[in-house]
Amino acid sequence: MIAALDMASVFIFALTGALVASRAQLDIVGFLFVASLTAVGGGTLRDVLLNRDAVFWVADPAILWAAAIPAVLVFFTAHLLESRLTVLTWLDACALAVAVPAGVAVALSLGQPAGVILIMGVSTGCFGGLMRDVVCNEVPLVLKQGELYVTCAFAGAGAAIIALQFGLDEQLGLILCGLTTLALRAGSLAFGWRLPVYKARAPRR
Amino acid sequence: MIAALDMASVFIFALTGALVASRAQLDIVGFLFVASLTAVGGGTLRDVLLNRDAVFWVADPAILWAAAIPAVLVFFTAHLLESRLTVLTWLDACALAVAVPAGVAVALSLGQPAGVILIMGVSTGCFGGLMRDVVCNEVPLVLKQGELYVTCAFAGAGAAIIALQFGLDEQLGLILCGLTTLALRAGSLAFGWRLPVYKARAPRR
Amino acid sequence: MIAALDMASVFIFALTGALVASRAQLDIVGFLFVASLTAVGGGTLRDVLLNRDAVFWVADPAILWAAAIPAVLVFFTAHLLESRLTVLTWLDACALAVAVPAGVAVALSLGQPAGVILIMGVSTGCFGGLMRDVVCNEVPLVLKQGELYVTCAFAGAGAAIIALQFGLDEQLGLILCGLTTLALRAGSLAFGWRLPVYKARAPRR
């Protein structure tokens, strides 16, 4: 289950990384670089923070193909897309909805308490995309105003933790986690769902 | 002692993170995200670099409340502040003066040599704020011209190392470390203390 | 061999970090900070990702002098340079050509498979400079359009892997790795060698 979630999130995040590389008009190696960074960034952070024996893609290097193939694919086909930004945003939502349960699952398998599970879900989900956006100088999706992003990861991980404490099966809990994340993110993108933001009289003072 | 220093630096750095989040007009989850990143960033880097058995907040997840509570607090009260930037700057100075001894203390407890102690003091002190500023697109306090910042951390850690080599008690050494850091930073903020900067005929060539 | 490569890449990368600090007109501690970050950034990432017993400069803190001395040196002599940007770019090319084999060598010594060796070569080579440029707000050399950079690291690491599989001696393989990296990077700087970039009808859509 963990391996499947990691593989899927690597693949989809790599697609988003390659799309951002196309917006920056990089060459094929630039596509590979940004796609890999995005794809393994969140999971690598998770494994380092939890001090696992080996980072997931060092333990199983075959997973690197799941980052390389999408990069090449996008390099040769992205010009066929009507709006790369739309595709990018929605793929990123799917990647988030797979990566959050991947983070939760690893923390669960190590018997971590609720607070750590929550943080692993959020950071596995959010940091790959955050690194992608910081390196490529895009406005980080994580911090875009008027959209839910970290909130979706937070709610997804929280839903899983609560469900598991009520005795739900672990696999079902992870599916619930992914669906909650995806539903909130999709609702935010499609219908403008949001939380009230902090408003000051003089914002930057 | 280490636990108390970590807890205090997490709390104060979380306040600064939440104030930066208020300047970026984020929602409550954005406050939690930036506050947590700032609060545990430096100490997490320290623990990863020193390859400790577990990152401090994974070993003791209760510490995460010390990051979450200030975020909520600031979200609901920051509008009462006359100038958030001033409060932010001075709180950051206090956080630095607690985090540097926290880094020094951990390196000492692992029996590291002077060079490593110095770097742990500086990076525990400076990296939480640096991540906060990079992610939120503020000018990093670390690199602001005409202010001492890394220098204060450097001098604080250095003072502790020298004092300990002259046989000072470890607790007193850590207090000296914090006071040196705070005094220099406060002097720089209040009286404009600074070091001469590099001046070139043509800066950016 | 690994120690020599690490030491050399620390020294040269520290020179480039200090030159970037001079362009940002920092003070002497700022020079030390940026030089150290650049010098040990890539190797530290490599050691954390591979979960080595200790990060290389914690295992051997004497290496920190190789980061500090160039910082001081550049602080007092950079004004003698005709064009710091040119010197910076070429020194960075040399540092890259030493750091990539340093990454490859460590991955080899741990018996890692080809995919992991490749990534360690690329990340040891590229991440120190990337951190330097992100922190100092320069356009990352890694992503500069119309230049080969990651590609050189990629090709260098790849050349070593292929040569070793054909039975070449490990030391010769590392030298080949460095020369390939340097030749490609120099060719790109001097003669404008490049790969075709992705071109879209509407780049940012």
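Worth saying up front: this structure is predicted, and the values here are computed from it rather than measured.

**Observations regarding the relation of the copies chain B and chain A**
When chain B is fitted to chain A, the best match, at an RMSD of 0.0 Å, comes from turning it 120 degrees and sliding it 0.0 Å along the axis. On this basis, the relationship between the two copies can be described by a three-fold rotation axis. Ranked by how close their C-alpha atoms come to the rotation axis, the residues of chain B are headed by Val48 of chain B, at 4.3 Å. Little of the interface of chain B is mirrored in chain A, where only 8% of its interface residues are also at the interface.

**Things to note about the interface of chain B and chain A**
Listed by partner, the interface residues are 36 residues for chain B and 33 residues for chain A. Roughly 2800 Å² of surface becomes buried between chain B and chain A when both sides are summed, with 62% attributable to carbon and sulfur atoms. In terms of surface lost to chain A, no three residues of chain B exceed Gln25, Val29 and Phe33 of chain B, which account for 23% of the buried area on that side. Our count for the contact surface shared by chain B and chain A stands at 0 salt bridges.

**Regarding the UniProt feature "transmembrane region" (unreviewed entry) in chain A**
All names here are of chain A. Feature annotation in UniProt places "transmembrane region" (unreviewed entry) on residues 62–81, 88–108, 114–135, 147–166 and 172–195, given in this structure's numbering. Within residues 62–81, the helical portion is 65% and the strand portion 0%, while the C-alpha atoms at the span's ends are 29 Å from each other. In residues 147–166, the share of helix is 80% and the share of strand is 0%. The end C-alpha atoms are 30 Å apart.

**Section: helix α2 (residues 28–49) of chain A**
Residues and elements named next belong to chain A. For α2, with 22 residues, the first-to-last C-alpha span of 31 Å sits near the 32 Å given by 1.5 Å per residue. At Gly41, α2 shows its largest bend, some 45 degrees. Of all 22 residues in α2, 19 are buried; the element is thus mostly enclosed. The opening residue of α2 is Asp27, an N-cap whose side-chain oxygen sits 3.2 Å from the backbone nitrogen of Val29. Directly beyond the C-terminal end of α2, a positive phi value near 55 degrees is found at Asn51.

**Considerations on a nonpolar patch on the surface**
All names here are of chain A. Where nonpolar side chains cluster on the molecular surface, the patch consists of Met1, Leu168, Leu172, Ile175, Leu176 and Leu179 and spans about 520 Å² of accessible area. Checked against the element boundaries, Leu168 lands in the loop between α7 (150–165) and α8 (170–191). Judged by its relative accessible area of 34%, Leu168 is partly exposed.

**Thoughts on the pattern of salt bridges**
Using the criterion set out here, one finds 18 salt bridges over all chains in the structure. Linking Asp47 of chain B and Arg46 of chain B is a salt bridge whose minimum nitrogen-to-oxygen distance equals 2.8 Å. Taken individually, Asp47 of chain B and Arg46 of chain B each receive the classification buried, so the pair is uniform in this respect. Measuring nitrogen to oxygen at the nearest pair gives 3.0 Å for the salt bridge that ties Asp133 of chain B to Arg132 of chain B. Through salt bridges with shared partners, a single ionic network connects Asp6, Arg46, Asp47 and Arg52 of chain A.

**Examining the packing of aromatic side chains**
Geometry of an aromatic ring pair is reported as the spacing of the ring centres plus the angle between the planes. According to the stated counting rule, one finds 18 aromatic pairs over all chains in the structure shown. Look at Phe31 of chain A and Tyr198 of chain C: their rings are 5.7 Å apart centre to centre, the planes differ by 50 degrees, and that puts the pair in the tilted class. Of the two residues, Phe31 of chain A is situated in helix α2 and Tyr198 of chain C in the segment after α8 (170–191); the pairing between them involves two chains. The exposure classification of Phe31 of chain A matches that of Tyr198 of chain C, with both residues buried. Aromatic pair Phe75 of chain A and Phe76 of chain A: ring centres 5.1 Å apart, planes at 90 degrees, arrangement edge-to-face.

What counts and what doesn't
- Residues numbered from 1 in each chain as written.
- Chains lettered and ligands numbered in written order.
- Predicted model: local features only at pLDDT ≥ 70, side-chain atom pairs only at ≥ 80, totals over all residues.
- Heavy atoms only, no water.
- Least-squares fit on C-alpha atoms with pLDDT ≥ 70 in both.
- Contact = heavy atoms within 4.5 Å.
- Buried area = accessible area lost by both parts, 1.4 Å probe.
- Salt bridge = Lys/Arg side-chain N within 4 Å of Asp/Glu carboxyl O.
- UniProt positions renumbered as here; feature names shortened; annotations may be inferred.
- Helix = DSSP H or I, 4+ residues; strand = E, 2+ residues; numbered from the N terminus.
- Expected span 1.5 Å × (residues − 1).
- Bend = angle between axes of the 7 residues up to and from the residue.
- Buried < 20%, exposed > 50% of the residue type's maximum accessible area, 1.4 Å probe, protein only.
- Polar contact = N/O pair within 3.5 Å; in protein donor to acceptor, adjacent residues only side chain to side chain.
- Patch = residues over 30% accessible without salt bridge, like charges linked within 9 Å, V, L, I, M, F, W, Y side chains within 5 Å.
- Areas by Shrake-Rupley, 256 points an atom, 1.4 Å probe, with all protein chains shown as cover.
- Phe/Tyr/Trp six-rings, centres within 6.5 Å; stacked < 30°, edge-to-face > 60°.

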